[in-house]
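Structural overview
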Amino acid sequence: MTEHKRPGWDEYFMELAQVVAKRSTCLRRNVGAIVVKDKRVLATGYNGAPTGMAHCSEVGCLRERLGIPSGERVEMCRGLHAEQNALVQAARYGISLEGSVIYCTNQPCVTCAKMLVNAGITKVIYRYPYPDRLAQDLLAESNVIVEMFQER
């Protein structure tokens, strides 16, 4: 019988975040997020337009049309970030995120970082870096633990 290699918890949740990212409708970057507490998934999110609105995959990318570089002017987008959608999903269903961990395919931007702090997230684990020094500084100042996911 072949031995099955069971993934560790971080690997498992990061793989789930990667699957969630597949639902993204962003033309530039597919991002997924999973909020976890006590090894249980509380909420998920991917980047895309608000519920009921046309997706960028349908109407095109405003940021591309305006020539906005990645990491700049994040407010100039019709979509929400994966972290934002996960927080909104939890709020919509009355789920407290106090003391939870968020697994993100990409390191959070400054807007998401501020929201994560206020939601009570205590740890961020991300796979891919994102060039936002202010986000990193704010998370450090708020004592949120931030770790880059390490493949095992």
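A quick note: this is a predicted structure, and the numbers were derived from the prediction, not measured.

Moving on, we get to the layout of surface pockets. Where empty space is left can be seen by rolling a probe of water-molecule size over the atoms. For the largest pocket, the calculated volume is near 370 Å³. Every residue lining the largest pocket is counted, 15 residues in all, and those nearest its centre are Tyr 46, Thr 51, Asn 85, Gln 89 and Arg 92. Elements with a contribution of two residues or more to the lining of the largest pocket: β2 (40–46) and α4 (82–92). Broken down by element, the lining of the largest pocket gets its largest block of residues, four residues, from α4. A class-by-class count of the residues in the lining of the largest pocket yields six nonpolar, eight polar and one charged.

This part covers the nonpolar core. Formed by 20 residues in total, the largest nonpolar core has its most connected members in Val 35, Leu 97, Ile 102, Leu 116, Ile 121 and Val 124. The set of elements that each furnish at least two residues to this core consists of β1 (32–37), α4, β3 (101–106), α5 (110–119), β4 (123–128) and α6 (133–141). In terms of residue count, α4 provides more of this core than any other element does, four residues in total. If you look at the next biggest cluster of nonpolar residues, it comprises ten residues, including Ala 17, Val 20, Ile 34 and Phe 149.

A word on the pattern of salt bridges. Side-chain pairing between opposite charges can occur once the charged atoms of the two side chains come close. Following the criterion strictly, the structure yields six salt bridges and no others. Salt-bridge contacts for Arg 28 lead to Glu 64; the nearest nitrogen and oxygen are separated by 2.7 Å. Here Arg 28 is found in the loop between α1 (9–21) and β1, whereas its partner Glu 64 is found in helix α3 (residues 62–66), with 36 residues between them in sequence. Among the salt bridges present, the one from Arg 127 reaches Glu 151, with a minimum N-O distance of 2.4 Å.

Rules behind the numbers
Residues numbered from 1 in each chain as written. Predicted model: local features only at pLDDT ≥ 70, side-chain atom pairs only at ≥ 80, totals over all residues. Heavy atoms only, no water. 1 Å grid on protein atoms, 1.4 Å probe; cavity = no way out; pocket = protein on both sides within 12 Å on 5 of 7 lines; lining within 4 Å. Points joined across faces, edges and corners; volume = space filled by probe spheres on them. Helix = DSSP H or I, 4+ residues; strand = E, 2+ residues; numbered from the N terminus. Nonpolar A, V, L, I, M, F, W, Y, C, P; charged D, E, K, R; others polar. Core = buried A, V, L, I, M, F, W, Y, C linked by side-chain atoms within 4.5 Å. Buried < 20%, exposed > 50% of the residue type's maximum accessible area, 1.4 Å probe, protein only. Salt bridge = Lys/Arg side-chain N within 4 Å of Asp/Glu carboxyl O.

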